[in-house]
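Coordinates in review
Residues per chain, in single letters:
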Amino acid sequence: MLTFLSKPFSRLGVYLGWLLLCGVFSGCPGPAGVSVFIPSGTPGIGFDDLGFSAILHKVLVPAGRTGTLALIDPSTMQVTTIGGFKGKADYSGGHDDGPTSVDEGRGLLFVTDRTAGQLNVVDPSAGAIVASSPLLGGPDYVRYVAATSELWVTEPGSEQIEIFSLPKDGLPQPSHTGNIAVKGGPESLVIDSARHLAFTHLWQGKSVAIDVQTRQIVGQWPNTCTGSRGIAVDEKRGFLFAACDEGTTVVLDVDHGGRVLSSAQQGNGVDVIGYNAALSHLYLAAAGSKELVVLGVSAAGQLSVLGSFHTAGGAHCATADDQGFAWVCSPDNGRLLRIKDPYPKAGI
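Residues numbered from 1 in each chain as written. Predicted model: local features only at pLDDT ≥ 70, side-chain atom pairs only at ≥ 80, totals over all residues. Heavy atoms only, no water.

**What to know about the overall build of the protein chain**
Secondary structure summary: the protein chain contains one helix and 28 strands in total. Relative to the globule expectation of 20 Å for 348 residues, the C-alpha radius of gyration of the protein chain, 20 Å, shows essentially globular dimensions. Along the first, second and third principal axes, the C-alpha set of the protein chain runs to 75 × 45 × 35 Å. A burial count over the protein chain gives 53% of its 348 residues as buried. Total accessible area on the protein chain stands at roughly 14,500 Å², and carbon and sulfur atoms take up 54% of it. (Helix = DSSP H or I, 4+ residues; strand = E, 2+ residues; numbered from the N terminus. Rg over C-alpha atoms; globule rule 2.2 N^0.38 Å. Buried < 20%, exposed > 50% of the residue type's maximum accessible area, 1.4 Å probe, protein only. Areas by Shrake-Rupley, 256 points an atom, 1.4 Å probe, with all protein chains shown as cover.)

Structure follows, in structure tokens:
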């Protein structure tokens, strides 16, 4: 046991003492859950978007500078990778290298490559890229729109969403068919297939609803965010979730003009969020506070804090699988954290 001087420590002194204890006695808490490392990821990976495919039963991980798309079986934690994207040997922080966003549709996977400036189509059964198209601007998110058989790619630097159509059969070569101007955005993107709407954010203060058939903006709804970041939708109940960088999460009523139903303040540095519709649980990856926050969503759209888990520095993205696990990216050592959700179903 260490004995300290009786003179009171300053807050800085206590913090430095805590760091000393951590370093000497390994007393710092490690991240929650189980670590799943991505091949070639040890120097670090600039993760951004994560997803889950119920059809493939895989967590979808665009693995940035490694130049691969990683597929993780949530039950066995086995990792397989699909290559062919642009890679980079060194990790310099951020998430501006290689493949960073993914979605699925028609038995295919769609991946944006920031280094190559391309939209890629991947056949998961073949484990290979089968088609590619150049992008007009730097990509952020890609999402498949089933109602129109289109791919929508957000390009924040150009303040637009670029749209590609897919042929009904034959080689799935994406063809550019137009753009949607989103001044002051777009940040994040999610598709509500039940209502044929797409949702995105402006960087500050508003969420935007777009009709996928007409490509027209049909709503701009205040979301109270100083910095709009994460997005998710509960199609069955008509809830749109807006997560703010400053740690506020807001529930908007899609069917009643985007009115605010509730909000919660928890964590900070929140970015990419996950949602488990079966449990009615939101997963907030808060990089600033190094935690995964779990929120319950009631049938009336009211948020409640169920708990939180310690994660890691820079852990800003999350997704959910169908096995009751949340997955959180940990960029600095190229891994994901698989964290069991112990909380009962909300929204009953």
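**Brief notes about the pairing of strand S28 (residues 335–340)**
The buried fraction of S28 amounts to five of the six residues, a majority that puts the element mostly inside the structure. Pairing analysis gives four bridges linking strand S1 (residues 34–37) to S28, with the strands arranged antiparallel. From the neighbouring strand, Ser-35 faces S28, where its bridge partner is Leu-337. With six bridges joining them, strand S27 (residues 325–330) and S28 adopt antiparallel strand pairing. The residue bridging Phe-325 from the neighbouring strand is Lys-340, located in S28. Remark: four residues form the turn of the hairpin made by S27 and S28, two consecutive strands paired antiparallel; Gly-334 in that turn has positive phi of roughly 65 degrees. (Pairing = 2+ DSSP bridges.)

**Topic: the nonpolar core**
Burial of nonpolar side chains together is a common tendency in soluble globular proteins. Ranked by size, the top nonpolar core spans 31 residues in total, and within it Ile-38, Phe-47, Val-61, Ile-72, Trp-152 and Leu-336 carry the most contacts. Sorting the residues of this core by element identifies strand S3 (58–62), strand S4 (69–72), strand S12 (160–165), strand S14 (187–192), strand S16 (206–211) and S27 as the ones contributing at least two each. The residues contacting Ile-72, other than those within four sequence positions of it, are Val-36, Ile-38, His-57, Lys-58, Val-59, Val-61, Met-77, Gln-78, Val-79, Trp-327 and Leu-336. (Core = buried A, V, L, I, M, F, W, Y, C linked by side-chain atoms within 4.5 Å. Contact = heavy atoms within 4.5 Å.)

**With respect to the sheet that holds strand S18 (residues 228–234)**
Here we have four strands laid out as an open sheet, ordered S18-S19-S20-S21, and antiparallel in their pairing. One side of each edge strand has no neighbouring strand; the edge strands of this open sheet are S18 and strand S21 (259–265). For this sheet, the mean angle separating the axes of adjacent strands, direction not counted, is 20 degrees. Note that strand S20 (residues 248–253) and S21 share six bridges and pair antiparallel. (Axes fitted to C-alpha atoms, helices over the stretch in contact; angles between N-to-C directions.)

**Details of the state of the cysteines**
Per the counting criterion, the structure on display carries two disulfides. Shown here is the disulfide that connects Cys-317 with Cys-329, its sulfur atoms set 2.0 Å apart. An S-S torsion of about 125 degrees defines the bridge between Cys-317 and Cys-329 as right-handed. A residue pair is termed long-range when its members are at least 10 positions apart, and Cys-317 in the loop between strand S25 (303–310) and strand S26 (318–320) and Cys-329 in strand S27 qualify at twelve residues. Note on accessibility: Cys-317 and Cys-329 belong to one class, buried. (Disulfide = S-S within 2.5 Å.)

**Side note on the packing of aromatic side chains**
Applying the stated criterion to the full structure yields five aromatic pairs. Taking the centre distance of 5.6 Å and the plane angle of 20 degrees together, the rings of Phe-110 and Tyr-144 count as stacked. Here Phe-110 is found in strand S7 (residues 108–113), whereas its partner Tyr-144 is found in strand S10 (residues 142–145), with 34 residues between them in sequence. In this pair, the class of Phe-110 matches that of Tyr-144, namely buried. An angle of 70 degrees between the planes, with centres 6.5 Å apart, marks the rings of Phe-239 and Phe-241 as edge-to-face. Exposure class is identical for Phe-239 and Phe-241. Each is buried. Above the face of the Phe-325 ring, Arg-338 is positioned so that its terminal group lies 4.0 Å from the ring centre. Above the ring of Phe-325, the side-chain terminus of Lys-340 is found at 4.9 Å from the ring centroid. (Phe/Tyr/Trp six-rings, centres within 6.5 Å; stacked < 30°, edge-to-face > 60°. Lys NZ or Arg CZ within 6 Å of the ring centre and 35° of its normal.)

**Comments concerning unusual backbone geometry**
Gly-185 connects to Pro-186 through a cis peptide bond whose omega is -10 degrees. If you trace the backbone, Pro-186 turns up in the loop between strand S13 (175–181) and S14. Positioned with a positive phi, Thr-224 is a non-glycine residue whose angle comes to about 70 degrees. For Thr-224, the location among the structural elements is in the loop between strand S17 (217–222) and S18.

**What to know about the confidence of the model for the protein chain**
Confidence in the prediction for the protein chain averages 91 pLDDT; 92% of positions are at 70 or higher. Segment residues 1–26 is flagged for pLDDT under 50; beyond a separation of four residues in sequence, or across chains, it makes ten contacts in the model. (pLDDT = per-residue confidence, 0-100.)

**Some words on the sheet that holds strand S2 (residues 51–53)**
Reading across the sheet, the four strands line up as S2-S3-S4-S5 and stay open at both edges, with antiparallel pairing between neighbours. On the outer flanks of this sheet lie S2 and strand S5 (79–82), each paired with one strand and no other. Across this sheet, the average inter-strand angle for adjacent strands is 30 degrees, counted without regard to direction. Judged from the four bridges that link them, S3 and S4 form a sheet pairing that is antiparallel. Directly across from Leu-60, in S4, lies its bridge partner Leu-71.

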